[in-house]
Amino acid sequence: MTNTSRPAPLPSPLARWWGHAWLDARSVKRRLPPAAVQRLEAAVRESESRHRGELRLCIEGGLGPMRPGRAVSPRARAIELFSLLRVWDTAQNNGVLIYLLLAEHRIEVLADRGLADKVPPETWSTLADSLGQALRGGQWEAGLLQAVNTVGDLLRAHYPRIEGDADDNELPDAVVIL
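Bear in mind that the values here come from a model prediction, so they are computed numbers and not experimental data.

Asks: Give me the overall build of the chain: which residues, what numbers.
Replies: Across its full length, the chain carries seven helices and four strands. Taken from N to C terminus, the helices and strands of the chain fall in the order α-α-α-β-α-β-β-α-α-α-β. Sorting the 178 residues of the chain into buried and exposed places 49% on the buried side. Within the chain, contacts between residues separated by at least 24 positions form 77% of all contacts whose residues are at least 6 apart in sequence. For the chain, the accessible area works out to roughly 8,900 Å², and carbon and sulfur atoms hold 56% of it.

Asks: Let's hear about the packing of helix α3 (residues 34-48) against helix α7 (residues 140-158): which residues, and what values?
Replies: Where α3 meets α7, the closest approach of the two axes is 10 Å, and the angle between their N-to-C directions is 10°. Regarding the angle of α3 to α7, the classification is roughly parallel. Contacts between α3 and α7 involve Ala36, Arg39, Leu40, Ala43, Val44 and Ser47 on the former and, on the latter, Glu141, Leu144, Leu145, Val148 and Gly152. When grouped by side-chain class, the residues that make up the contact of α3 with α7 number seven nonpolar, two polar and two charged.

Asks: Help me get a handle on the sheet that holds strand β2 (residues 95-101), residues and values and all.
Replies: Taken together, four strands build an open sheet; the order of strands is β3-β2-β1-β4 and the sheet is mixed. Edge positions in the open sheet fall to β3 (106-111) and β4 (176-177), since each of these has one partner strand only. Here six bridges tie β2 to β3, and the two strands are oriented antiparallel to one another. Paired with Tyr99 across the strands is Glu108, a residue of β3. Across the sheet, helix α6 (residues 121-136) lies against β2 and β3, angled at about 145° from β3, the strand it touches most. Those strands touched by α7 are β1 (54-60) and β2, and its axis lies near 155° from that of β1.

Asks: Please set out the packing of α6 against α7 residue by residue, giving values where relevant.
Replies: Each pair of packed helices can be described by the angle between their axes along with the distance between the axes. Two numbers describe how α6 lies on α7: the axes approach to 8 Å, and their chain directions differ by 165°. Comparing their axes, α7 and α6 come out roughly antiparallel. With respect to the hand of their crossing, α6 and α7 are arranged in right-handed fashion. Along its contact with α6, which presents Thr123, Trp124, Leu127, Leu131, Ala134 and Leu135, the element α7 presents Trp140, Gly143, Leu144, Ala147, Thr150, Val151 and Leu154. Looking at the contact of α6 with α7, its residues break down into 10 nonpolar, three polar and no charged.

Asks: An account of unusual backbone geometry is needed here, citing residue identities and associated values.
Replies: The backbone of Arg86 shows a phi angle near 60°, a positive value even though the residue is not glycine. Turning to its location among the elements, Arg86 is positioned in the loop between α4 (74-84) and β2. Even without a glycine there, the phi angle at His105 is positive, about 50°. Within the element layout of this structure, His105 appears in the loop between β2 and β3.

Rules and cut-offs
- Residues numbered from 1 in each chain as written.
- Predicted model: local features only at pLDDT ≥ 70, side-chain atom pairs only at ≥ 80, totals over all residues.
- Heavy atoms only, no water.
- Helix = DSSP H or I, 4+ residues; strand = E, 2+ residues; numbered from the N terminus.
- Buried < 20%, exposed > 50% of the residue type's maximum accessible area, 1.4 Å probe, protein only.
- Contact = heavy atoms within 4.5 Å.
- Areas by Shrake-Rupley, 256 points an atom, 1.4 Å probe, with all protein chains shown as cover.
- Axes fitted to C-alpha atoms, helices over the stretch in contact; angles between N-to-C directions.
- Parallel < 35°, antiparallel > 145°, perpendicular 65-115°, else oblique.
- Nonpolar A, V, L, I, M, F, W, Y, C, P; charged D, E, K, R; others polar.
- Pairing = 2+ DSSP bridges.
- Left-handed = near helix turned anticlockwise from the far one by under 90°.

The values are spatial; any link to function lies outside them.
Below you can see the structure in the form of structure tokens.
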């Protein structure tokens, strides 16, 4: 798996606890209304129709008031979700998870080994940086759509759909909001 967020120091324990306790799924939904989520899901579906990979978007407001005290890093949480959402469980090991943790302003892009071995880590860092810039500018939907398109292009380059391929949608296309 590849990690794309830039290492950053964690905030003070109290500030971290407060951020995680305060931000939740409602915080995400204020930034991405239902129509935007539907468009993102359609973009994932359309992208997956052009390659044999799988893409999941997961956006989490905060880890809740109890979890930050256990020093769960955003990367560890992304790895946990990578497993829980079964992104690792694709036939060609080519699943990708784009994970946002609002409480810590962190983006993690995890690619399973089938794709991670083919794409340089700098590519994932560039994707995370570009998405982060869009999010900071308030362009949530546009930034996420661009990230979906970028991952789709990478998957299409390495796992193109060939005429006659079955359309095996191994994972749900739904945006996961926690």
